Amino acid sequence: MATSKLSNEEQLKRLIYVCNVRPIYYCGGPEKYMPISKLKIDLLETMLKNNYMELLNVIESINDDKLIPYRTQIFNVLCFALRMENATPEKKNAICALARKLMKTDTDFFEFVKYASRFHNNKLSKTVRKAIISYYSSKSPEELAQFYVSAKSVHGRSHKDLIKLCHMQSKTPEHNIVINYILKNSYKANEPGHQILEVMRKVDTLRKTSDHKVAVPLIQELKATINQVEPKLRKSAEVWSAVLLNMSLKEVLPTLTKLYKLGFLKKDSPILARVTEILTNGDKIKSSGIHPLEVFIYMKNFERGGKPLDAKLLQHLQLEKKLTEEELKKLRTPHEVKCPIVLSNLQKCMNISCNNIQSFGKRYLITIDTTEKTETPCLCNKNITGIEAASAFVWFLLRTEKDVTVAVFKDKDVAIIPLDKKSHINEYVNKLKENKSQFLVMASPIEWATTNKKHFDVFLNFVHHKDYYTDAPKEVRDKMAKPVEALQKYRKKLNHPNAKLYVIC
């Protein structure tokens, strides 16, 4: 649907949900691709000029929706609106007041500060400083101390920097004691609230100590995670044994490759036992809210020895650091993972995490590109090929939706592929590879459904690249229907006006 046909409210919702005013979603977060576009500027300027309260009301209305891929986009949009020329002081105050209202967590607070700084040349306006002061002031002395304990700084902004920059005044003597410690890192033992400050002092000790005998008791007492430990101790088995007891599933998954390379995931090791408990604990998986495909990505990264080194970094190491060819070969070669227990537990974690997903109750036709190009790595993750990514989506949807049909592009037609929902992703990959194709016609799944009068709510087309038509013979290209036209015909013929087409490249 063209952007011009959407209302301002619909365009704004699209901007928050897919980080784009156009109907195109890029993975990687709101600032990864096209952070500033003319369409985005025009939309926000129009809404600020005509009815800025509509802008704020729409954002507030979707604040609690768990389906927003990147919650940080809410603060991205609000802070971007602050920089608009027609953002008067009254409008800026209203924007910052809403941002402050929407801050559910400390993460939200730091995301707001990050974007407010980025869009104003690393400076913080008066209205932004008021919102920061309000957030700090809303916390009790205990909560403020815990805020400092959990993270000393985020996105290059420390608590000390923000408090000094905003000239924050304490509202009570107890607040003043905590703030003085953050600013000066000292306190008197007989001061009221010294128990709170003692915890802050112990955390600072943990952040600085290089002695695991000092660190481990502090970790146990403070329930600290690996991020609160001095980097030199992040190779200590004793430290990892202690911190894993305090870490969530989402904190543990990114550490698996490191733990393996440190030799901590050997059979019968206490660290392996703790990792196993985290990966297979149904309550922890449920409370994490993690998506099964997120677990799949971590599983593939672990299976293949971590993320491949960036090509430019390898070039830098070769030219600037003068690494030998043998050293470069070692860096290029993935670390072979031989850890079936963890891989098996990651699969169990994927299975359990499917319970975190609520079914949409739609009817799907998934059609997959099986040309040779889909066996090359994906753009954003070199450890996963295109056909593996498509198979992972199929695996996930077969387990969470009741009505899913799977097909492959078979040159100018499609072929339906029966798949057992209980099979493994690798089995899906092999089954799809048995149905090779030389080229594809994007509209063919919709045309097949139209001809056979099959009712689908969603057409999902997985293709390697957007220029798919270049591989088709000229006589096929000259006759192939455009996907949008095929969808309009399908909607009309089957009286299904809300049928959607999504193309994943």
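### Regarding the packing of helix α2 (residues 38–61) against helix α3 (residues 72–82)
In contact at an axis separation of 10 Å, α2 and α3 are set at 115° when each is read in the N-to-C sense. Handedness of the crossing formed by α2 with α3: left-handed. Facing K40, I41, L44, L48, L55, L56 and I59 of α2, the residues of α3 in contact are I74, N76, V77, L78, F80 and A81. Looking at the contact of α2 with α3 residue by residue, the classes come out as eleven nonpolar, one polar and one charged.

### Focus on the confidence of the model for the chain
Low pLDDT marks regions whose predicted coordinates should not be analysed in detail. Averaged over every residue, the pLDDT of the chain is 89; residues scoring 70 or more account for 95%. Per-element confidence in the chain is highest for strand β3 (residues 363–368), whose mean pLDDT is 98, and lowest for helix α18 (residues 311–319), whose mean pLDDT is 72.

### Comments concerning the packing of aromatic side chains
Remark: the centre distance and the inter-plane angle together describe each pair of aromatic rings, the angle taken between the planes. Enumeration over the complete set of coordinates arrives at 14 aromatic pairs. Centre to centre, the rings of F456 and F459 are 5.8 Å apart; their planes meet at 65°, and the pair counts as edge-to-face. F459 carries the same exposure label as F456, and that label is buried. Residues F459 and Y490 carry aromatic rings whose centres are separated by 5.1 Å and whose planes lie at 85° to one another, so their mutual orientation is edge-to-face. Of this pair, F459 sits in strand β6 (residues 458–462) while Y490 sits in helix α25 (residues 483–493); the two residues are 31 residues apart in sequence, bridging distant segments of the chain. The same class applies to F459 as to Y490, namely buried. Grouped by ring-pair contacts, the aromatic residues F109, F110, Y135, Y136 and F147 constitute a single cluster. Its end group placed over the ring of F80, K40 keeps NZ or CZ at 4.3 Å from the ring centre. In this arrangement the basic side chain of R207 is found over the ring face of Y148, its NZ or CZ atom lying 5.3 Å from the centre.

### Here we look at helix α22 (residues 425–433)
Buried within α22 are the following residues: I425, Y428, V429 and L432. All buried residues of α22 fall inside an arc of 100° around its axis, so they share one side. Among the structural elements, α17 (292–303), α20 (340–353), β3, α21 (386–400) and β4 (403–410) are those in contact with the buried residues of α22.

### Observations regarding the sheet that holds strand β7 (residues 500–504)
Strand order across the open sheet formed by five strands is β5-β4-β3-β6-β7, with mixed pairing between neighbours. Unpaired on one side and paired on the other, β5 (413–416) and β7 mark the two borders of the sheet. Mean inter-strand twist for the sheet, computed between neighbouring axes without regard to direction, equals 25°. Pairing of β3 with β6 involves five bridges; the strand directions are parallel. Bridging from a neighbouring strand, I368 pairs with F462 of β6. In the packing of α25 onto the sheet, the strands contacted are β6 and β7, and the crossing angle to β7 comes to about 155°.

### Here we look at the nonpolar core
L12, I59, F109, F112 and L265 are the most contacted members of the largest nonpolar core, which totals 130 residues. The element best represented in this core is α2, accounting for nine residues. For F112, the contacting residues outside a window of four places in its chain are F75, C79, C96, A99, M103, V128 and A131.

### A closer look at the pattern of salt bridges
Evaluation of the coordinates by the stated rule reveals 19 salt bridges. Where K139 meets D106, a salt bridge forms, and the shortest distance between an N and an O atom there is 3.1 Å. Of this pair, K139 sits in the loop between α6 (126–137) and α7 (141–150) while D106 is found in helix α5 (residues 106–118), placing the two residues 33 residues apart along the sequence. Judged by relative accessible area, which is 13%, K139 ranks as buried. Among the ionic pairs, R201 bridges to E198, the shortest N-O distance being 2.4 Å. Of the two residues, R201 and E198 both sit in helix α10 (residues 194–208), three residues apart, roughly one turn of that helix. By relative accessible area, which is 34% here, R201 ends up partly exposed.

### Observations regarding α5
If you check α5, its first and last C-alpha atoms are 18 Å apart, about what 13 residues at 1.5 Å a residue would give, namely 18 Å. Across the 13 residues that make up α5, a large majority, ten, are buried. Regarding α5, the residues found buried are D108, F109, F110, E111, F112, V113, K114, Y115, A116 and S117.

The rules behind each value
Counting starts from 1 at the beginning of each chain's written sequence and moves along it residue by residue. This being a predicted model, a pLDDT of at least 70 is required before a residue's local features are given, and a value of 80 or more before pairs of side-chain atoms are given or counted; all residues contribute to the totals for chains, interfaces and linings. Calculated side-chain values reflect all of the structure's heavy atoms, with hydrogen atoms and water omitted. The angle between two axes is taken between their N-to-C directions and runs from 0 to 180 degrees, where each axis is a line fitted to C-alpha atoms and a helix contributes only its stretch in contact. For the purposes of this entry, the term helix denotes a DSSP run of H or I that reaches at least four residues, the term strand denotes a run of E that reaches at least two, and both are numbered from the N terminus. Rotating anticlockwise by less than a right angle from the far helix to the near helix defines a left-handed crossing, while the corresponding clockwise rotation defines a right-handed one. Between two residues, a contact is recorded if the distance between any of their heavy atoms is within 4.5 Å. Each residue is assigned to one of three groups, with Ala, Val, Leu, Ile, Met, Phe, Trp, Tyr, Cys and Pro labelled nonpolar, Asp, Glu, Lys and Arg labelled charged, and all others, Gly among them, labelled polar. Confidence of the predictor at the level of single residues is captured by pLDDT, which takes values from 0 to 100. In summary, the pairing rule links any two rings of Phe, Tyr or Trp, Trp by its six-membered ring, whose centres are within 6.5 Å, and it sorts them by plane angle into stacked for under 30 degrees, edge-to-face for over 60 and tilted for everything else. Think of it in three bands: with a 1.4 Å probe and only protein chains considered, a residue is buried below 20% of the maximum accessible area for its type, exposed above 50%, and partly exposed in between. Placement of a charge over a ring requires the Lys NZ or Arg CZ to be within 6 Å of the ring centre, with the centre-to-atom vector within 35 degrees of the ring normal. Our arc is simply the arc of the directions from the helix axis toward the C-beta atoms. Any two strands with at least two DSSP bridges between them are considered paired. Here the nonpolar core consists of buried residues drawn from Ala, Val, Leu, Ile, Met, Phe, Trp, Tyr and Cys, with membership extended through side-chain atoms lying within 4.5 Å. A carboxyl oxygen of Asp or Glu within 4 Å of a side-chain nitrogen of Lys or Arg is what we treat as a salt bridge. A helix is expected to span 1.5 Å for every residue after the first.

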